[in-house]
Amino acid sequence: MICVECNAPVDSLYVKYANDYIKLTDCPSCSKVADKYVEFDNVILFIDTLLLKPQAYRHLVYNLMGNAPNDLKQSSQRSLKGWFLKNKKVNRIRLLMILFKIYLTWAYEEKNYNFEESINPFLIMNSILKKNAVTQYLYFSLKCISDDVITHTFIPFFMFNVVGWNPNGYVSKDSHNKRYYKMALSLTILISGATNLFPILMLIWPYNNITITNIISSVADLSLIEALRIVTDCSIPSAISVFLLNTLIKFIVTRMLLIVILTKGNESLAYSIANHEYANFVQRIMGLRQILERSLKPFI
């Protein structure tokens with residue numbers, strides 16, 4: 001547990017007296033209430049989280065949803081089933097987010113499907129979208145699950161080994177202690193990723209333009225960067241660097257994985273698809289550059 005104001009560790013967040021009377025604990029470092037969100041309603045907590053208030057994020061990650069290192073040490077001696085039962089709320093949220101992400105990715109790719117490029121059989125999405133619905137779902141499931149695993153693996157790795165994150169009470173040689181802070185980063189990713197679910201509203205209010213989806217995706221990316229900065233107290237350039245490195249790895253690994261499965265290990269076909277994907281990527285970047293140049297031309 002920590003103080004949500006100054007990040008200093010605290011022994012307890014409140015003291016419980018008779019008749020269920022609760023007195024919030026003051027932080028010994030900053031003399032402020034250690035965690036005011038203990039008494040706040042969940043609706044207020046949800047709104048403050050969307051507004052990226054640091055105190056709300058710290059409350060969720062460290063004081064509400066996170067397990068203390070000692071709890072992790074005890075849970076590691078139990079069965080895997082016990083761990084899932086203890087963290088069932090977090091696991092359910094993560095599973096639901098993956099399922100929604102699969103649907104949104106599938107819908108986005110179908111709307112973004114360029115029929116002029118569909119004659120090119122050496123593009124990954126062209127190959128996938130020409131298959132039956134069940135096969136398409138399996139491919140998009142693989143893509144989203146891979147993205148999720150990569151994000152929850154490499155962001156903690158980069159934060160510890162590249163940025164050099166060293167939180168209060170962190171002991172690198174203590175595996176349970178390190179696991180606790182890795183879980184804190186995973187929870188940060190999970191909470192900030194909730195913004196990605198807003199396009200689900202398109203089921204109620206359908207939009208024919210994918211621009212809104214792109215905007216929401218960009219907002220979710222910015223939320224992740226800011227959430228990493230809040231929870232780890234790192235600089236904005238460091239958070240951006242970690243995000244960009246993770247995005248690059250996801251882009252490369254997921255496409256390589258899809259290419260291997262689509263080509264069934266055929267090296268020559270895989271090489272052709274990789275070349276066409278690269279050429280298509282460069283073409284899109286050049287197109288985006290031209291759009292930006294035309295947009296900025298009146299201001300230059």
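An unreviewed UniProt entry lists the protein chain under the name Protein ARV, with Wickerhamomyces anomalus as the source organism. In its Sequence similarities (unreviewed entry) section, UniProt records this for the protein chain: "Belongs to the ARV1 family."

K.L.:
Can you lay out the packing of helix H7 (residues 133-163) against helix H10 (residues 236-263) for me, pointing to particular residues and giving the numbers?
P.N.:
Running from amino to carboxyl end, H7 crosses H10 at an angle of 145°, the nearest separation of the two axes being 8 Å. When you trace H7 past H10, the crossing you get is right-handed. Residues Tyr 139, Leu 142, Lys 143, Ser 146, Asp 147, Ile 150, Thr 151, Phe 154, Ile 155, Phe 158, Met 159 and Val 163 of H7 form the contact with H10, whose participating residues are Ser 238, Val 242, Leu 245, Asn 246, Ile 249, Lys 250, Val 253, Thr 254, Leu 257, Leu 258, Ile 261 and Leu 262. The residue inventory of the contact of H7 with H10, partitioned by class, reads 16 nonpolar, 5 polar and 3 charged.

K.L.:
Which residues make up the packing of aromatic side chains, and what values do they have?
P.N.:
All chains considered together, the criterion is met by 7 aromatic pairs. Between the aromatic rings of Tyr 37 and Phe 40, the centroid separation amounts to 5.0 Å while the plane-to-plane angle is 65°, which identifies the pairing as edge-to-face. The class for Phe 40 is partly exposed, based on a relative accessible area of 34%. Geometrically, the ring pair formed by Trp 106 and Tyr 137 is tilted, given 5.9 Å between the ring centres and 55° between the ring planes. In this pair, Trp 106 is assigned in helix H5 (residues 88-111) and Tyr 137 in helix H7, connecting sequence segments 31 residues apart. We classify Trp 106 as buried; its relative accessible area is 18%. The exposure class assigned to Tyr 137 is partly exposed, which follows from its relative accessible area of 34%.

K.L.:
Tell me about the UniProt feature "transmembrane region" (unreviewed entry) in the protein chain, and name the residues and values.
P.N.:
Following the UniProt record, one finds the feature "transmembrane region" (unreviewed entry) at residues 91-108, 149-171, 183-205 and 243-262. Secondary structure content for residues 91-108 is 100% helix and 0% strand, while the C-alpha to C-alpha distance between its ends is 25 Å. Helix makes up 100% of residues 243-262 and strand 0%, with an end-to-end C-alpha separation of 28 Å.

K.L.:
Got a sec to walk through the nonpolar core? Specific residues and values, please.
P.N.:
Judged by nonpolar contacts, the single largest core of 34 residues is most densely connected at Val 61, Tyr 62, Ile 155, Met 159, Trp 165 and Leu 228. Those elements that provide at least two residues to this core are helix H2 (54-64), H5, H7, helix H8 (175-192), helix H9 (211-232) and H10. A total of 9 residues in this core trace back to one element, the largest contributor, which is H8. Among the nonpolar cores identified, the runner-up in size contains 15 residues, and Phe 140, Cys 144, Ile 259 and Ala 270 belong to it.

K.L.:
Requested: an account of a nonpolar patch on the surface, with residues and values cited.
P.N.:
Side chains of Leu 248, Phe 251, Ile 252, Val 253, Met 256, Tyr 278, Phe 281, Val 282, Ile 285 and Met 286 sit close together on the surface and give an oily, nonpolar patch of about 900 Å² of accessible area. The class for Val 282 is partly exposed, based on a relative accessible area of 33%.

What counts, and at which threshold
Residues numbered from 1 in each chain as written. Predicted model: local features only at pLDDT ≥ 70, side-chain atom pairs only at ≥ 80, totals over all residues. Heavy atoms only, no water. UniProt positions renumbered as here; feature names shortened; annotations may be inferred. Axes fitted to C-alpha atoms, helices over the stretch in contact; angles between N-to-C directions. Helix = DSSP H or I, 4+ residues; strand = E, 2+ residues; numbered from the N terminus. Left-handed = near helix turned anticlockwise from the far one by under 90°. Contact = heavy atoms within 4.5 Å. Nonpolar A, V, L, I, M, F, W, Y, C, P; charged D, E, K, R; others polar. Phe/Tyr/Trp six-rings, centres within 6.5 Å; stacked < 30°, edge-to-face > 60°. Buried < 20%, exposed > 50% of the residue type's maximum accessible area, 1.4 Å probe, protein only. Core = buried A, V, L, I, M, F, W, Y, C linked by side-chain atoms within 4.5 Å. Patch = residues over 30% accessible without salt bridge, like charges linked within 9 Å, V, L, I, M, F, W, Y side chains within 5 Å. Areas by Shrake-Rupley, 256 points an atom, 1.4 Å probe, with all protein chains shown as cover. Salt bridge = Lys/Arg side-chain N within 4 Å of Asp/Glu carboxyl O.

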